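# Structure assessment
If you want the building blocks of each chain, they are given just below.
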Amino acid sequence: MSYLDRLLIPDEKIVHRARRSVFPTFAGPVLASVAAVAAAALLALLVPGAALVAWVLPLLPLGWLAVRWVWWTNKAYLVTTHRVLKLEGVFAKSHADASLDKINDMSLVQGLLGRLLGYGDLAISTANEEAGVTYHLLAGPVEFKRQALVCREQARAREEGGGAADPVGQIERLAALREKGVVTEEEFRAAKVRLLDDLG
């Protein structure tokens, strides 16, 4: 059983997975590696006796790239049926989460480059300010926010129904989100089918 599986409670399902954006994560080490390889090739051509030493130059940025890759693959950003969750760490693990039904606000910030390349910072605040979660340089932040909103409405409907499913109320809330443009027609239909299937 993975570390993530141990964090999930019974009946909790992962609805959406995301990661930190590739471009801002790897731009530095990739450019440094390319520059180091180019410098090594130039040095080897200009100083024939320094060829062996020259090709040691790229090892440092390539090592940086490898470490960054391991660091990146061990970051998980999730929306589940009960919460939003940020899991980080290779050896020492840390996680932060916010219960969907306690989420008050979601604030998305995207600069021009972030909009062009599809990443941004998503801050999620709750009634308990200390329980808020911020996803920095999140890839696909708009979709992550939409999925969290859909799941939040479903969680709130369950809570208002005393734990019982209220498909009509949930579908009405989702329809309102669709009218505001927060949820797409496809997402609305998929959620509606899922709600009706849960009853069956």
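Residues numbered from 1 in each chain as written. Predicted model: local features only at pLDDT ≥ 70, side-chain atom pairs only at ≥ 80, totals over all residues. Heavy atoms only, no water.

### Side note on the overall build of the protein
- A count of helical and extended segments in the protein gives 8 helices and 7 strands.
- With the principal axes as the frame, the protein shows a C-alpha extent of 80 × 35 × 35 Å.
- Across the 200 residues that make up the protein, the buried fraction comes to 35%.
- Accessible area for the protein stands at about 11,500 Å²; split by element, carbon and sulfur atoms hold 62% of it.
- Each charge class in the protein can be summarised by its mean position, and for the 23 positive and 22 negative side chains these summaries are 6 Å apart. (Helix = DSSP H or I, 4+ residues; strand = E, 2+ residues; numbered from the N terminus. Buried < 20%, exposed > 50% of the residue type's maximum accessible area, 1.4 Å probe, protein only. Areas by Shrake-Rupley, 256 points an atom, 1.4 Å probe, with all protein chains shown as cover. Lys, Arg positive; Asp, Glu negative; His and termini not counted. Charge placed at Lys NZ, Arg CZ, Asp CG, Glu CD.)

### A few points about the confidence of the model for the protein
- Overall, the prediction assigns the protein a mean pLDDT of 86, with 92% of residues at 70 or greater.
- Averaged pLDDT values over the elements of the protein bottom out at 73 in helix 3 (residues 51-54) and peak at 96 in helix 5 (residues 112-117). (pLDDT = per-residue confidence, 0-100.)

### A word on the nonpolar core
- In terms of nonpolar packing, the biggest core is built from 18 residues, with Val 84, Ile 124, Tyr 135 and Phe 144 touching the most fellow members.
- Put simply, the parts of the chain that give this core at least two residues each are strand 2 (76-80), strand 5 (103-109), strand 6 (119-126), strand 7 (133-139) and helix 6 (141-160).
- Counting residues per element, this core draws most heavily on helix 6, at 5 residues.
- Excluding residues within four positions of it along the chain, Phe 144 makes contact with His 16, Ala 18, Tyr 77, Leu 78, Val 79, Val 84, Leu 122, Tyr 135 and Leu 138.
- If you look at the next biggest cluster of nonpolar residues, it comprises 9 residues, including Leu 174, Ala 175, Leu 177 and Ala 191. (Core = buried A, V, L, I, M, F, W, Y, C linked by side-chain atoms within 4.5 Å. Contact = heavy atoms within 4.5 Å.)

### Description of a nonpolar patch on the surface
- On the surface, a cluster of nonpolar side chains totalling about 590 Å² of accessible area is made up of Leu 42, Leu 43, Leu 45, Leu 46, Val 47 and Leu 57.
- If you trace the backbone, Leu 43 turns up in helix 2 (residues 22-46).
- A relative accessible area of 32% means that Leu 43 is categorised as partly exposed. (Patch = residues over 30% accessible without salt bridge, like charges linked within 9 Å, V, L, I, M, F, W, Y side chains within 5 Å. Salt bridge = Lys/Arg side-chain N within 4 Å of Asp/Glu carboxyl O.)

### Topic: the packing of helix 2 against helix 4 (residues 59-73)
- Two elements in contact, helix 2 and helix 4, have axes separated by 8 Å at closest approach and are oriented at 165°. Classified by the interaxial angle, the pair formed by helix 2 and helix 4 is roughly antiparallel. Crossing of helix 2 against helix 4: the hand is left-handed. Taking contact as the criterion, the partners of Val 22, Pro 24, Thr 25, Phe 26, Gly 28, Pro 29, Val 30, Ala 32, Ser 33 and Ala 36 in helix 2 are, on helix 4, Pro 61, Leu 62, Trp 64, Leu 65, Arg 68, Trp 69, Trp 71 and Trp 72.
- Classifying every residue of the contact of helix 2 with helix 4 by side-chain character gives 14 nonpolar, 3 polar and 1 charged. (Axes fitted to C-alpha atoms, helices over the stretch in contact; angles between N-to-C directions. Parallel < 35°, antiparallel > 145°, perpendicular 65-115°, else oblique. Left-handed = near helix turned anticlockwise from the far one by under 90°. Nonpolar A, V, L, I, M, F, W, Y, C, P; charged D, E, K, R; others polar.)

### Some words on the pairing of strand 6
- Note that strand 5 and strand 6 share 6 bridges and pair antiparallel. Counterpart to Asp 105 in the pairing with strand 6 is Ser 125.
- Of the pairings in the sheet, the one linking strand 6 to strand 7 comprises 5 bridges and is antiparallel in character. Counterpart to Tyr 119 in the pairing with strand 7 is Ala 139. (Pairing = 2+ DSSP bridges.)

### Concerning unusual backbone geometry
- Residues other than glycine seldom take positive phi values, yet Asp 11 does so here, at roughly 70°.
- Positive phi values are uncommon outside glycine, yet Leu 137 reaches one of about 50°.
- Examined against the element boundaries, Leu 137 turns out to sit in strand 7.

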